[in-house]
Amino acid sequence: MADVLLLSAADVRAVFDLPAAIASQRAAFRALGRREARLAPRLLLDGPDGDVAFCYVSRMPGTGAVSKFGSVHPGNAARGLPTVSALVIVQDPEDGRPVAIIEGESVTTLRTSAASAVAADHLAVPGASRLAVLGCGPQGRAHVRAMAEVRPVGRVALACRHPDTCGVAAGLADELGLPVEAAPSVRDAVEGAQIVVTATTSAEPVVRAAWLDPGCTVLSVGSFAPDRAEVDDDVLTRAASIVVDDVPTALEHAGPVVAAIRAGRLSPERVRPLGPIVAGLAEGRESDEDVVFYNSVGVGVQDTAAASVIVERARDLGAGRHADL
């Protein structure tokens, strides 16, 4: 019998704020860059109507194995339900018993946007202030908050694929004290932006290379499977640097990368990992004029780093409830 800590989404939000999430993701990618983390191959299982089930497993120094099981259901947006559902299971580092079960969508939303903030902090030009976010769901909104933590954001353009969600701009503007506007089109949002975040579940490109200004950094978080491609091939052709969260995982799962390699427009050797950049072992960009493309598919070490902080803080604050399993 194991005493397991059960943490709801509300518990996660109570103990895991954005600064803590960003710090956890810096630690995750630093460990990857120094080859201190262990990462199992990522599993995806296709379903009907673009549904995908997934499983990640990893560990970091001093942690037990952490597993995340979940699914992405794009059709849930029309149902008024989250498109991502997941559970995170944390094991004891010494005996392997489960010590915590965490509601995973709240972890995923915050750790994903926090990881993008870490990537932007190392890849975007230092003074980048013009932000475009494509997708107005939970990830899009979380990315606006996260980018404002690492860059002096002074203008935010939101482009929504579903018009009924475009009302989020005013709420974010009030929350952050920033000018956040709903752009009339994706192109209008992207043109002139210094950081472009794509947080959609689109299987078709929503960003064209011709719209990008010199020095722009594009961060794709919705191209997490081979059949998802939020940017066109020309974005990768134009990019001076193509960075991913984990190269072996990206070569198999990152839609734009997979498509460009299959088409013979990209050599796998050009794809670089974020970890060594965060660890200070490599440069993020060579010039302020370079276009940089970052494709995040999500890897288990992100969940391990986040879950470790969440469990530690929950124990300190007495959050959650316990169950004997």
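The rules behind each value
- Residues numbered from 1 in each chain as written.
- Predicted model: local features only at pLDDT ≥ 70, side-chain atom pairs only at ≥ 80, totals over all residues.
- Heavy atoms only, no water.
- 1 Å grid on protein atoms, 1.4 Å probe; cavity = no way out; pocket = protein on both sides within 12 Å on 5 of 7 lines; lining within 4 Å.
- Points joined across faces, edges and corners; volume = space filled by probe spheres on them.
- Nonpolar A, V, L, I, M, F, W, Y, C, P; charged D, E, K, R; others polar.
- Domains from an automatic or database assignment.
- Pairing = 2+ DSSP bridges.
- Helix = DSSP H or I, 4+ residues; strand = E, 2+ residues; numbered from the N terminus.
- Axes fitted to C-alpha atoms, helices over the stretch in contact; angles between N-to-C directions.
- Contact = heavy atoms within 4.5 Å.
- Core = buried A, V, L, I, M, F, W, Y, C linked by side-chain atoms within 4.5 Å.
- Buried < 20%, exposed > 50% of the residue type's maximum accessible area, 1.4 Å probe, protein only.
- Parallel < 35°, antiparallel > 145°, perpendicular 65-115°, else oblique.
- Left-handed = near helix turned anticlockwise from the far one by under 90°.
- Salt bridge = Lys/Arg side-chain N within 4 Å of Asp/Glu carboxyl O.
- Disulfide = S-S within 2.5 Å.

Looking up the chain in an unreviewed UniProt entry gives the name Ornithine cyclodeaminase family protein, with the organism given as Actinomadura chibensis.

Asker: Describe empty space enclosed by the protein, with residues and values.
Answerer: The gaps of empty space that remain are located by a probe, the size of a water molecule, rolled over the atoms. Under the counting rule described, the total for this entry stands at one cavity of 30 Å³ or more. Taken as a whole, the largest cavity encloses approximately 50 Å³ of empty space. Leu39, Ala40, Arg42, Tyr56, Val57, Thr249, Gly298, Val299 and Gly300 are the residues that line the largest cavity. Across the lining of the largest cavity, the residue classes tally to five nonpolar, three polar and one charged. When residues are assigned to domains, the lining of the largest cavity turns out to be shared by domain 1 (3–108 + 301–324) and domain 2 (115–299), each giving three or more.

Asker: Hey, could you go over the sheet that holds strand E15 (residues 292–295) for me, with residue numbers and the actual values?
Answerer: An order of E10-E9-E8-E11-E12-E15-E13-E14 is seen for the eight strands of this open sheet, with the pairing classed as parallel. Since the sheet does not close on itself, it has two edges, and those belong to strand E10 (180–182) and strand E14 (271–273), each with one partner. Direction aside, the axes of adjacent strands within the sheet are offset by 20° on average. One ladder, built from three bridges, connects strand E13 (residues 241–244) with E14; its direction is parallel. Counterpart to Val243 in the pairing with E14 is Arg272. Most of the contacts of helix H6 (residues 168–176) go to E10, to which it runs at about 175°, and overall it touches strand E9 (155–159) and E10.

Asker: Please give an account of the nonpolar core that cites residues and values.
Answerer: Ranked by size, the top nonpolar core spans 68 residues in total, and within it Phe16, Val90, Ile102 and Leu158 carry the most contacts. The leading source of residues in this core is helix H4 (residues 104–123), at nine residues. Looking at which domains feed residues into this core, each of domain 1 (3–108 + 301–324) and domain 2 (115–299) gives three or more. In this structure Val90 touches Ala65, Val66, Arg97, Pro98, Val99, Ala100, Ile102, Ala307 and Val311, once residues within four positions along its chain are discounted. Counting 39 residues, the second-largest nonpolar core is a separate cluster that includes Ala86, Ala183, Ala225 and Phe293.

Asker: Which residues make up the environment of Arg13, and what values go with them?
Answerer: You can see Arg13 is positioned in helix H1 (residues 9–15). The exposure class of Arg13 is exposed, given its relative accessible area of 58%. Put simply, Arg13 and Thr112 are 99 residues apart on the chain and 14 Å apart in space, counted from C-alpha to C-alpha.

Asker: Quick rundown of the side chain of Asp246? Include the residues and the values.
Answerer: Relative to the helices and strands, Asp246 is located in the loop between E13 and helix H9 (247–253). Sequence-distant contacts of Asp246, that is, excluding residues within four places in its chain, are made with Leu39 and Val299.

Asker: Could you give an account of the packing of H4 against helix H5 (residues 138–150), with specific residues and numbers?
Answerer: At their nearest, the axes of H4 and H5 sit 8 Å apart, and the two run at 40° to each other. The orientation of H4 relative to H5 falls into the category oblique. Of the two elements, H4 crosses H5, and the hand of that crossing is right-handed. Contact with H4, carried on its side by Glu105, Thr108, Thr109, Thr112, Ser113, Ala114, Ser116, Ala117, Ala120 and Asp121, involves Pro138, Gln139, Ala142, His143, Ala146, Met147 and Val150 of H5 and no other residues of that element. Here the contact of H4 with H5 is composed, by residue class, of eight nonpolar, seven polar and two charged.

Asker: Tell me what's going on with the pattern of salt bridges, and back it up with residues and numbers.
Answerer: With the rule as written, the count across this model stands at twelve salt bridges. Between Arg26 and Asp121 there is a salt bridge, with its nearest N and O atoms 2.8 Å apart. In this pair, Arg26 is assigned in helix H2 (residues 18–33) and Asp121 in helix H4, connecting sequence segments 95 residues apart. With its nearest N and O atoms 3.9 Å apart, the salt bridge here joins Asp232 to Arg208.

Asker: Give a detailed account of the state of the cysteines, specifying residues and quantitative values.
Answerer: Counted according to the given criterion, the structure contains one disulfide. Bridging Cys136 to Cys160, the disulfide has an S-S length of 1.9 Å. Looking down the S-S bond of the Cys136 and Cys160 bridge, the torsion is -85°, so its handedness is left-handed. With Cys136 in the loop between strand E8 (130–134) and H5 and Cys160 in the loop between E9 and H6, this pair connects stretches of sequence that are 24 residues apart.

Asker: So what's going on with the environment of Pro98? Which residues, and what values?
Answerer: Positionally, Pro98 belongs in strand E7 (residues 98–103). Among the residues examined, Pro98 registers a relative accessible area of 31% and is labelled partly exposed. For Pro98 and Leu5, which are 93 residues apart along the polypeptide, the C-alpha to C-alpha distance reads 8.8 Å. Once you skip the residues sitting within four places of it in the chain, Pro98 turns out to touch Ala2, Asp3, Val4, Ile89, Val90 and Gln91.

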